[in-house]
Amino acid sequence: MNKTTTDTNLKKLKKNAYRVSKVRGETASRVRCPGGEIDVDSLQRVVDIARKYGKGMVNITNRQGFEIPGIDLKDVEEVNKALQLIIENRNINQEEYNGGYPASGTRNVVACPGKQLCPFANYDTKKFAQEIDKAIFPNDHHVKIAFTGCSNDCAHTRLNDFGIIGMSEPQYNKDRCISCEQCVKYCKKRSVGALKVVNGKIERDVNKCVGCALCVNYCPTRAWTRSKEEYYRVVLLGRTGKKNPRMAEDFMRWADHDTVKKVICNVYAYLDEYLDREAVESKEHIGYIVDRTGFEEFLKYIMKDVTPNPKCEIQGRIYWGGKRYDQNNELRNSMWRFSEREDAVVLKQGE
Amino acid sequence: MGFVYKTEEFNKVLEVLEGNYRIFAPVLKVGEGRFRDTDVIRYDYISRIEDAELEERSDFSFKEILIPLSETMFYFTENEIKEADYDARPVIVLMRSCDIHAVKRLDQMYTGNGPNNDWFYERLRDRVKFALIGCGKACPNSFCVDMGSNKTDEYAFSIDVVDGKVYCDVKDDELFAAFEGAGGSKDNVEPRFVTEAEFKVTRPEEVPIELFKDPMWDEYTKRCVNCGRCNFVCPTCTCFTIQDVFYTDNGRVGERRRVNASCMVDGYTDVAGGLVMRKTNGERMRFKVLHKVYDFRKRFGYDMCVGCGRCDTVCPEYISFANCINKLNARVKEVTENV
């Protein structure tokens, strides 16, 4: 059962986007697809690698990549050569030709289908994700970024350090409005209820409106249209994990493309400065660093040289929620444990 | 008499015409479609022929010039009313053959349906001339040929833009000078018409009363989302509803508006006392379809639908009106043969 294993620098292996397997002598190649987009030639190459070097199986990762398990450590160089086609087709920043993927402390940039496909999307999520990928990769710092087309947040941006949520500002042409009230109905049932009818025309509560543009989708007369400008809501420092999982909180709304891009790119200088050098594998969620330095210091760094567009509104101070497991691991209402309920036996029997 | 122009020459024609008329034409509105980065073609005023979208059929029809989506009729105070002002300048509307046929339907409903003509319609209608946009190809989902609306000779002048040249056949003597003075060469010009549409439809001659409650409509109760888009894009839908609006600051001053209405949208058949005459979308579909290809004919001798195909193209649930007519025809055959 035990294979003979050669002298392997695992630190280097990980920085080459391979996962160390629990099976000794084996590894898994991690194929990063920025924006969750892959062409058929690259996909075929994933299949070919899995067939030739792996076990004929491929894992689809949570962050829109592929992971090819069961690769023998001695085949890593050959696999890297085979990955070259994908790296070129996917336009990945590379350090060494035929050297495979550079490390990703920074995780794959995730995107929902976006405006190329989805009727509800307010911008091209994949294009923006790939633009950011070009700007920040490769990078050792542990940063998670996700792009989603509308407030539905199908890309789960609220579990990321930076979540970018698409917005359009609804434009109202009252001369085309016949007050069929479909916008009001759909806004109420599927969004936040920011619209109401006043004297046969629609009033939009501009503070309540989240810019999802459902009203535009459901307007049958083109009274509602999308703003030419694409806007973004930026949410910050959501995370999963052992200590304090939490949702990202609102930082900006109605931000424009340049503002968003600069803010994201600025985070790396902050991490260079404040990352705990003693952190295990030099990896720390940004949020825990912000807990140490204070939000003001973080804000100073990410807003450096940023001139937000005039419409952009920015939150000056943010408080996050989530449970602190390092302080309390109790179930919230432990006195009402299911097993102690009088009707527990009955419920268990499904009666 | 026909003329052939270069684009710049034809724009001179428009320039002269604009001295007396506003030019209302289909225009591509970039980014104003339902979804991000989708467009819509709807009518607006133009000054240059390049600003008109003449290749693709407009998503919304010309009818907004005659029956605006939302129109203030008059203002009222305690004891007085005042008719709303309107733009009285004459208009030339560029439209396809099917739409020119649709004008006849609008006229029928507003000025040929009972003892009183519609005063608001007439004051707009009297100031409008129609110019024909020739059809180089059949529009998506169209069935104009089977509805007999693919050809017309009722136009002031025609426009066919082919290979950068503008071909015009001018019939209206009042406009002739504008065309003659703009350069361009005289020629015999025939506007283009399509002779084969995308779809073929067969309408039933008679629809027996049993079809009223036929299960064929149940399908539409499930599929249709009663958004009313089919009505709003239809060049022959004429329904409106009235809004009396009291200005909130005062409460005794206000205005009366009329806005387009849709027989598919909730509220259309609500009556005093809370009764709703057609609750299900299948019933609404039945009403609409039979009105377009049967009931109107019973009253006026010809069918209302002109087969432009806009309702098929716009439907968010991919319901095909053309297919529904054919289904209706097949169902009528089944029912009558089994009697």
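Note that the structure is a prediction, hence the values are computed from the model and not measured.

**Describing the overall build of chain B**
Phase 1 of the analysis: On a plain count of helices and strands, chain B comes out with 10 helices and 12 strands.
Phase 2 of the analysis: Radius of gyration (C-alpha) of chain B: 22 Å, near the 20 Å computed for a compact globule of 339 residues.
Phase 3 of the analysis: Principal axes of the C-alpha set define a box for chain B whose edges measure 65 × 60 × 45 Å.
Phase 4 of the analysis: Each of the 339 residues in chain B was classed as buried or not, and the buried ones make up 53%.
Phase 5 of the analysis: A total of about 16100 Å² of accessible surface is found on chain B, and carbon and sulfur atoms cover 49% of it.
Phase 6 of the analysis: With 48 positive and 58 negative side-chain charges, chain B shows a separation of 3 Å between the mean positions of the two kinds.

**So, the overall build of chain A**
Phase 1 of the analysis: Regarding its fold elements, chain A presents 10 helices and 14 strands.
Phase 2 of the analysis: Each principal axis of the C-alpha atoms in chain A carries an extent, and together these give about 80 × 60 × 45 Å.
Phase 3 of the analysis: Each of the 351 residues in chain A was classed as buried or not, and the buried ones make up 50%.
Phase 4 of the analysis: One finds the centroid of the 59 positive side-chain charges in chain A at a distance of 4 Å from the centroid of its 48 negative side-chain charges.

**Remarks on the interface of chain A and chain B**
Phase 1 of the analysis: Contact with chain A, which involves 31 residues of that partner, is made by 27 residues of chain B.
Phase 2 of the analysis: Across the chain A/chain B interface, buried area totals approximately 2300 Å², and carbon plus sulfur atoms make up 47% of it.
Phase 3 of the analysis: In this structure, the connection of chain A to chain B is made through three salt bridges.
Phase 4 of the analysis: A salt bridge links B:Glu64 to A:Arg176; the shortest N-O distance between them is 2.8 Å.
Phase 5 of the analysis: In this assembly, chain A and chain B are joined by 19 residue pairs in polar contact (both at pLDDT 80 or more).
Phase 6 of the analysis: Going through the elements one at a time, helix H6 (214-218) and strand E11 (224-226) of chain A are the ones with two or more residues in the side of chain A that touches chain B.

**What about the nonpolar core?**
All names here are of chain A.
Phase 1 of the analysis: If you look at the biggest cluster of nonpolar residues, it comprises 41 residues, and the most contacted ones within it are Phe 147, Leu 236, Phe 251, Ile 286 and Phe 298.
Phase 2 of the analysis: The set of elements that each furnish at least two residues to this core consists of helix H4 (125-136), strand E6 (145-148), strand E7 (162-167), strand E12 (231-236), strand E13 (249-255), helix H7 (257-274), helix H8 (286-293) and helix H9 (295-302).
Phase 3 of the analysis: Among all residues touching Leu 236, those that are not within four sequence positions of it are Asn 160, Asp 161, Phe 162, Ala 248, Glu 249, Phe 251, Phe 295, Phe 298, Ile 302, Ile 318 and Trp 320.

**Observations regarding the domain arrangement of chain B**
Residues and elements named next belong to chain B.
Phase 1 of the analysis: Segmenting chain B into domains produces domain 1 (2-187) and domain 2 (209-338).
Phase 2 of the analysis: Placing a centre on the C-alpha atoms of domain 1 and another on those of domain 2 gives a separation of 25 Å.
Phase 3 of the analysis: In this assembly, 43 residues from domain 1 lie in contact with 43 residues from domain 2.
Phase 4 of the analysis: Roughly 3700 Å² is buried in total at the junction of domain 1 and domain 2, and carbon and sulfur atoms are behind 55% of that figure.
Phase 5 of the analysis: Considering only the surface of domain 1 that becomes buried against domain 2, Phe 76, Arg 105 and Phe 143 emerge as the three largest contributors, covering 19% of it.
Phase 6 of the analysis: A salt bridge links Asp 99 to Arg 310, with the shortest nitrogen-to-oxygen separation between them at 2.8 Å.
Phase 7 of the analysis: Remark: the boundary between domain 1 and domain 2 carries 24 residue pairs in polar contact (both at pLDDT 80 or more).
Phase 8 of the analysis: Going through the elements one at a time, strand E4 (70-76), helix H2 (97-111), helix H3 (119-125) and helix H4 (144-147) are the ones with two or more residues in the side of domain 1 that touches domain 2.
Phase 9 of the analysis: Counting residues per element, the side of domain 1 that touches domain 2 draws most heavily on H2, which supplies 10 residues.
Phase 10 of the analysis: Each residue belonging to the side of domain 1 that touches domain 2 can be placed in one class, and the counts come to 20 nonpolar, 13 polar and 10 charged.

**Let's talk about the packing of helix H8 (residues 281-300) of chain B against helix H10 (residues 321-338) of chain B**
All names here are of chain B.
Phase 1 of the analysis: Where H8 meets H10, the axes come as close as 11 Å, and the angle between the chain directions of the two elements is 85 degrees. By the angle between their directions, the pair H8 and H10 is classed as roughly perpendicular. Across the interface between the two elements, Met 285, Lys 288, Val 289, Leu 290, Lys 292 and Val 293 from H8 touch Phe 321, Cys 324, Ile 325 and Leu 328 from H10.

**Observations regarding empty space enclosed by the protein**
All names here are of chain B.
Phase 1 of the analysis: One pass over the full model with this rule turns up nine cavities of 30 Å³ or more.
Phase 2 of the analysis: Together, 18 residues line the largest cavity, and Cys 224, Cys 230, Lys 288, Cys 315 and Ile 319 are the ones closest to its centre.
Phase 3 of the analysis: Broken down by secondary-structure element, the contributors of at least two residues to the lining of the largest cavity are helix H7 (229-233), H8 and helix H9 (310-314).
Phase 4 of the analysis: Looking at the lining of the largest cavity, its residues break down into 11 nonpolar, three polar and four charged.
Phase 5 of the analysis: Volume-wise, the second largest cavity comes out at about 130 Å³.
Phase 6 of the analysis: Forming the boundary of the second largest cavity are 15 residues, of which Cys 234, Lys 292, Cys 305, Cys 311 and Phe 321 lie nearest the centre.

**As for the environment of A:Ala103**
All names here are of chain A.
Phase 1 of the analysis: Examined against the element boundaries, Ala 103 turns out to sit in the loop between helix H3 (76-89) and strand E5 (110-111).
Phase 2 of the analysis: The class of Ala 103 is buried, set by a relative accessible area of 9%.
Phase 3 of the analysis: In this structure the C-alpha to C-alpha distance between Ala 103 and Leu 195, which are 92 residues apart in sequence, comes to 48 Å.
Phase 4 of the analysis: Beyond its immediate sequence surroundings of up to four residues, Ala 103 is in contact with Lys 14, Lys 15, Asn 16, Ala 17, Pro 138, Asn 139 and Asp 140.

**Considerations on the sheet that holds strand E11 (residues 240-246) of chain B**
Sheet strands pair via backbone hydrogen bonds, and the direction of the pair is either parallel or antiparallel.
All names here are of chain B.
Phase 1 of the analysis: Read across the open sheet, the four strands follow the order E5-E4-E12-E11; overall the sheet is antiparallel. Both edges of this open sheet fall to strand E5 (81-83) and E11, since each of them pairs with a single strand only. Sheet twist, expressed as the mean angle between neighbouring strand axes with direction ignored, is 25 degrees.
Phase 2 of the analysis: With six bridges connecting them, E4 and strand E12 (residues 254-260) associate as antiparallel partners.

**A word on the sheet that holds E6(A)**
Residue and element names in this part refer to chain A.
Phase 1 of the analysis: The strand order across the open sheet formed by six strands is E5-E6-E7-E12-E13-E14, and the pairing between neighbours is mixed. Because the sheet does not close on itself, it has two edges, and the strands there are E5 and strand E14 (313-314).
Phase 2 of the analysis: Relative to E6, E5 runs parallel, the two sharing two bridges. When the sheet's bridge partners are listed, Val 110 is paired in E6 with Ala 146.
Phase 3 of the analysis: In the packing of H4 onto the sheet, contacts are made with E5, E6 and E12, and the angle to E6 comes to roughly 160 degrees.

About the criteria used
Residues numbered from 1 in each chain as written. Chains lettered and ligands numbered in written order. Predicted model: local features only at pLDDT ≥ 70, side-chain atom pairs only at ≥ 80, totals over all residues. Heavy atoms only, no water. Helix = DSSP H or I, 4+ residues; strand = E, 2+ residues; numbered from the N terminus. Rg over C-alpha atoms; globule rule 2.2 N^0.38 Å. Buried < 20%, exposed > 50% of the residue type's maximum accessible area, 1.4 Å probe, protein only. Areas by Shrake-Rupley, 256 points an atom, 1.4 Å probe, with all protein chains shown as cover. Lys, Arg positive; Asp, Glu negative; His and termini not counted. Charge placed at Lys NZ, Arg CZ, Asp CG, Glu CD. Contact = heavy atoms within 4.5 Å. Buried area = accessible area lost by both parts, 1.4 Å probe. Salt bridge = Lys/Arg side-chain N within 4 Å of Asp/Glu carboxyl O. Polar contact = N/O pair within 3.5 Å; in protein donor to acceptor, adjacent residues only side chain to side chain. Core = buried A, V, L, I, M, F, W, Y, C linked by side-chain atoms within 4.5 Å. Domains from an automatic or database assignment. Nonpolar A, V, L, I, M, F, W, Y, C, P; charged D, E, K, R; others polar. Axes fitted to C-alpha atoms, helices over the stretch in contact; angles between N-to-C directions. Parallel < 35°, antiparallel > 145°, perpendicular 65-115°, else oblique. 1 Å grid on protein atoms, 1.4 Å probe; cavity = no way out; pocket = protein on both sides within 12 Å on 5 of 7 lines; lining within 4 Å. Points joined across faces, edges and corners; volume = space filled by probe spheres on them. Pairing = 2+ DSSP bridges.

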